[in-house]
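Remarks on the overall topology
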Amino acid sequence: MVLMELDLIKVHGSENSFFILDETILERPLTEAEIMKVTTTLTNRETGLLNGADGILLITKSSQPEAVAKMRVINSDGSEASMCGNGLRTVARYLAEKEQLDYFHVETMHANLLVQKTTEIGNDVATYQVEISPVSFQTSTLPLIGKGETLINQPFKELDSKLLFSAVAVPNPHLISFVDHETMESPLLEEIARFVNGENPYFIDGVNVSFVEVLGKDQIFVKTYERGVGFTNACGTAMSASSLMYVLLKEGSFDQKIQVFNPGGMVQTIVHQDNEDNYWMELIGNATYLQKITLSLSDAQKGDFSNSQLMILNENDAYQEFIKEAQNVLKKN
Ligand SMILES: N[C@@H](CCC[C@H](N)C(=O)O)C(=O)O
């Protein structure tokens, strides 16, 4: 029997890390069971490939005439998410280079999103700009049960007695609270996130939970505990949703660049509102390749990486340099 080979690229967007797996170049599509097994095995932080990752970004054929391909997002626990902002930047780069395009649509679970190559955010840092939409404040879209039609900057006493929370789908579900520095550093985010991602009566499908600290005019810091993963260095949809809340609730403005710092670096966002009162965001940041890996499907499922072929790419030094400079700018302000 001929073994089916998988070509993977380990990538990161703000150190939110993934394996890109292009199913369109395989001999046959993977079964759902294979996708689940490969994801949980490769991404495991202790036993996975190259210290694991936060998920798999699966590229499949699109059924939509305007889209170049479809991106599926599989969290490290094997659950499927509707969107991934940091991941979409890296998929945009992969498809841009494969198809020789600079500006195109990628199909995601709920929308075809516009992506484009853009001016480098730092020296030699491949940078992509992606659309984050559709946005909904209807609690039924997250879903969030028992808290009315919307929850925007309101108390949620079952989670905390003092904080105010906003629930927004972009379209994956986010729960956001603006906090002070001391609260940001406390164990509260993890406690709340574990509760709403375990058996609970409110978020029956779980939710990504973020604390946001305002650092200055158009500068925020966002830390996220992701549904299906746990703490990640950054979550692109969370940073976009947090930017929207910053514009709606704090001193941010529409159509203005916001710098969003996160434990893995920094991105830029722009929040827009159209004539029909719909919101959408642009997320701008790195799309960094770390390694290219070839291994058989059966080894990927077994977690045997001894026969895998590895090519290390030298892009991360430029990214680390960019982070150093971004943090210096922050210190000076
Ligand atoms: N890290 C991603 C979001 C990935 C999906 C999320 N864990 C979910 O289940 O909704 C991002 O950059 O947006």
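On a predicted model such as this, the values are computed, not experimentally measured, just so you know.

Attention now moves to the domain arrangement of the chain. In terms of domains, the chain is made up of domain 1 (5-132 + 287-332) and domain 2 (139-284). The C-alpha centroid of domain 2 is placed 23 Å from the C-alpha centroid of domain 1. Taken together, the two surfaces of domain 1 and domain 2 that pack against each other cover about 2,300 Å², and 56% of this comes from carbon and sulfur. On the domain 1 side of the interface with domain 2, the three residues burying the most area are Ser14, Ile132 and Leu330, jointly 26% of the side's total. Taken together, the connections running from domain 1 to domain 2 amount to 0 salt bridges. If one sorts the elements of the side of domain 1 that touches domain 2 by residue count, strand β8 (residues 127-132) sits on top with 6 residues. Broken down by class, the residue content of the side of domain 1 that touches domain 2 amounts to 12 nonpolar, 12 polar and 5 charged.

Among the 8 residues of strand β13 (residues 219-226), 7 are classified as buried, and the element is accordingly described as predominantly covered. Sheet topology note: the strand β12 (residues 208-216)/β13 ladder contains 7 bridges and is antiparallel. Residue valine 209 lies in a different strand from β13, and its bridge partner there is tyrosine 225. The turn linking β12 back onto β13 is made up of 2 residues, and aspartate 218 within it adopts a positive phi angle of 60°. One ladder, built from 3 bridges, connects β13 with strand β15 (residues 257-262); its direction is parallel. Counted as the bridge partner of isoleucine 220 is valine 260 from β15. When β13 meets strand β14 (residues 230-232), the two strands line up antiparallel, connected through 3 bridges. Residue pairing in the sheet places tyrosine 225 in a bridge with phenylalanine 231 of β14. With antiparallel pairing between neighbouring strands as the criterion, β13 and β14 make up a hairpin whose turn holds 3 residues, including glycine 228 at a positive phi of roughly 80°.

On to empty space enclosed by the protein. By the definition in use, this model includes 1 cavity of 30 Å³ or more. Approximately 140 Å³ is the volume attributed to the largest cavity. Lining the largest cavity are 18 residues, with Val73, Asn75, Met83, Cys84 and Glu226 sitting closest to its centre. Mapped by element, the contributors of at least two residues to the lining of the largest cavity are β2 (16-22) and β4 (67-75).

Tracing the backbone through its elements, the reader meets leucine 189 in helix α4 (residues 188-196). Its relative accessible area of 1% is what places leucine 189 among the buried residues. With 35 residues separating them in the primary sequence, leucine 189 and threonine 224 have C-alpha atoms 8.2 Å apart. Setting aside residues no more than four positions away along its own chain, leucine 189 makes contact with Val209, Ser210, Phe211, Lys223 and Phe231.

Ranked by internal contacts, the top residues of the largest apolar core, which has 52 residues, are Met71 and Leu244. Two domains share this core, each providing at least three of its residues, namely domain 1 (5-132 + 287-332) and domain 2 (139-284). With residues near it in sequence (within four places) discarded, leucine 244 still touches Val135, Phe137, Val168, Val271, Tyr279 and Met281. Ile121, Leu144, Ala167 and Leu189 belong to the second-largest nonpolar core, a separate cluster that totals 33 residues.

Let us now look at the environment of isoleucine 192. Structurally, the position occupied by isoleucine 192 is in helix α4. When its relative accessible area of 3% is taken as the criterion, isoleucine 192 is described as buried. Note: C-alpha distance between isoleucine 192 and tyrosine 289 (97 residues apart in sequence) is 33 Å. Setting aside residues no more than four positions away along its own chain, isoleucine 192 makes contact with Leu159, Asp160, Phe165, Val209 and Phe211.

So, about the UniProt feature "active site" (unreviewed entry) in the chain. Using the residue numbers shown here, the UniProt feature "active site" (unreviewed entry) corresponds to Cys84 and Cys235. These annotated residues cover 152 residues of sequence, and their C-alpha atoms all fall within 7.6 Å of one another, placing them together at a single site. Cross-referencing the annotated residues with the largest cavity identifies Cys84 and Cys235 as lining it. The exposure class assigned to cysteine 84 is buried, which follows from its relative accessible area of 8%. With respect to the helices and strands, the residue cysteine 235 is situated in the loop between β14 and α5 (236-249). Aside from chain neighbours lying at most four places away, what touches cysteine 235 is Asn16, Asn86, His174, Thr224 and Glu226.

Once that is clear, we can look at the pattern of salt bridges. Inspection of every chain in the model, using the stated rule, returns 13 salt bridges. Residues glutamate 34 and arginine 28 are paired through a salt bridge, measuring 2.9 Å at the closest nitrogen-oxygen approach. The exposure class assigned to glutamate 34 is buried, which follows from its relative accessible area of 12%. Residue arginine 93 is joined to glutamate 97 by a salt bridge in which the shortest nitrogen-to-oxygen separation is 2.9 Å. Note that arginine 93 and glutamate 97 are positioned in helix α2 (residues 85-99) at a spacing of 4 residues, about one turn of the helix. Its relative accessible area of 40% is what places glutamate 97 among the partly exposed residues. Each of Glu32, Arg72 and Glu80 takes part in one network of salt bridges that share partners.

Rules used in this analysis
Residues numbered from 1 in each chain as written. Predicted model: local features only at pLDDT ≥ 70, side-chain atom pairs only at ≥ 80, totals over all residues. Heavy atoms only, no water. Domains from an automatic or database assignment. Buried area = accessible area lost by both parts, 1.4 Å probe. Salt bridge = Lys/Arg side-chain N within 4 Å of Asp/Glu carboxyl O. Helix = DSSP H or I, 4+ residues; strand = E, 2+ residues; numbered from the N terminus. Nonpolar A, V, L, I, M, F, W, Y, C, P; charged D, E, K, R; others polar. Buried < 20%, exposed > 50% of the residue type's maximum accessible area, 1.4 Å probe, protein only. Pairing = 2+ DSSP bridges. 1 Å grid on protein atoms, 1.4 Å probe; cavity = no way out; pocket = protein on both sides within 12 Å on 5 of 7 lines; lining within 4 Å. Points joined across faces, edges and corners; volume = space filled by probe spheres on them. Contact = heavy atoms within 4.5 Å. Core = buried A, V, L, I, M, F, W, Y, C linked by side-chain atoms within 4.5 Å. UniProt positions renumbered as here; feature names shortened; annotations may be inferred.

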